[in-house]
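Working through the structure, step by step
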Amino acid sequence: MNKISVDIINEGRQPDPSYATPDAAGMDIRADLDSPVTILPGDRALIPTGLRVAIPAGFEMQMRPRSGLALKHGITLANSPGTIDADYRGPVGVIIINHGKEPFVVNPGERICQAVVAPVMQVSWNRVDSLPDTARGDGGFGHTGVK
C-alpha cells in the first residue's frame, strides 16, 4: 500500500481521521459539533470537522458519502465528492443533504463521510478541428438501452 504524509491541525474534539480496516481507501471523518444538528428532508447543512490539512501539491482530498448513511437514511454529500485542494488551508466542512423521508440528526462525533487522498492530473487543452472516431461515437444518456 502506498502512503503519503499529510500535515493536519485538529482544532476539534474528535480523533484524527483514520482507516477502519487495513485495506480501506477512505478515512472516517467525524462531525465536530457542540450539540446535535437536525437536517430535515430536502435540507442541507454545513457540518464542521475541526480539521485543517495541507494536502501535498499534485494531490487532492475527496470527501465522499458513507454508503450506510446513504442506504439507511438517504444522507449524502451535496457536492459529492467534495474536493479539498492542495492550496486550501481553511477549516474543512462537509455539506450534508437529506434525501430521505425523515429528519436526520447528526450527533457530535458521528462519522459523516470518508476522505480519500488521490493524485490530480491537470489538463493542457489541445484545440483541434475534429476528434478520432470510436465505436460509440456521440451516443450517450442511455443509448445502449436496458439489458
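In what follows, the structure referred to is the one given above.
What this report covers is the structure whose coordinates are included nearby. For every chain, the first residue of the written sequence is number 1, and numbering continues from 1 onward in sequence order. Reporting of local features is limited, given that this is a predicted model, to residues whose pLDDT is at least 70; pairs of side-chain atoms are given and counted only at 80 or more, and all residues count toward the totals for whole chains, interfaces and linings. Based on all heavy atoms of the structure, the side-chain values leave hydrogens and waters out of the count.

Counting secondary structure elements, the chain contains one helix and twelve strands. Listing the helices and strands of the chain from first to last along the sequence gives β-β-β-β-β-β-β-α-β-β-β-β-β. As a reference, a globule follows 2.2 Å times the number of residues to the power 0.38, and the radius of gyration itself is taken over C-alpha atoms. Relative to the globule expectation of 15 Å for 147 residues, the C-alpha radius of gyration of the chain, 19 Å, shows a markedly less compact shape. We call two residues in contact whenever any of their non-hydrogen atoms come within 4.5 Å of each other. The contacts in the chain between residues at least 6 apart in sequence include a share of 68% that link residues at least 24 apart. Secondary structure counts use DSSP, requiring at least four H or I residues in a row for a helix and at least two E residues in a row for a strand, with both numbered from the N terminus.

A separate point is the nonpolar core. Core analysis: the biggest nonpolar cluster contains 25 residues, and Ile47, Met63, Ile96, Val106 and Ile112 have the highest contact counts within it. Taken together, the elements giving at least two residues each to this core come down to strand 3 (27-30), strand 5 (44-48), strand 6 (51-54), strand 7 (59-64), strand 8 (75-77), strand 10 (93-98), strand 11 (104-106) and strand 12 (111-119). The element that contributes the greatest number of residues to this core is strand 12, accounting for three residues. When sequence neighbours within four positions are dropped, the list of residues in contact with Ile96 reads Ile39, Asp43, Arg44, Ala45, Ile47, Ile75, Thr76, Leu77, Val106 and Ile112. Each nonpolar core is a collection of buried residues, namely Ala, Val, Leu, Ile, Met, Phe, Trp, Tyr and Cys, held together in the definition by side-chain atoms within 4.5 Å. Each residue gets one of three labels from its accessible area relative to the maximum for its type: buried under 20%, exposed over 50%, partly exposed in between, using a 1.4 Å probe on protein chains only.

Another point: the side chain of Glu60. Relative to the helices and strands, Glu60 resides in strand 7. In this tally Asp and Glu are treated as negative and Lys and Arg as positive; neither His nor the chain ends contributes. One speaks of a salt bridge when a side-chain nitrogen belonging to Lys or Arg is within 4 Å of a carboxyl oxygen belonging to Asp or Glu. One buried charged side chain, Glu60, makes no salt bridge at all; its nearest oppositely charged neighbour is Arg64, positioned 6.8 Å away. Counting of polar contacts relies on pairs of N or O atoms within 3.5 Å, with two restrictions inside protein: one atom must be capable of donating a hydrogen and the other of accepting it, and residues adjacent in sequence are counted only when both atoms are side-chain atoms. In terms of polar contacts, Glu60 uses its side chain to reach the side chain of Thr83, at 3.1 Å.

In this structure the tally under the stated criterion is five salt bridges. Measuring nitrogen to oxygen at the nearest pair gives 3.7 Å for the salt bridge that ties Asp32 to Arg13. With Asp32 in the loop between strand 3 and strand 4 (37-39) and Arg13 in the loop between strand 1 (7-10) and strand 2 (18-19), this residue pair connects regions lying 19 residues apart in the sequence. Classification of Asp32 as buried rests on a relative accessible area of 11%.

Bear in mind that shape data such as this cannot, by itself, settle questions of function.
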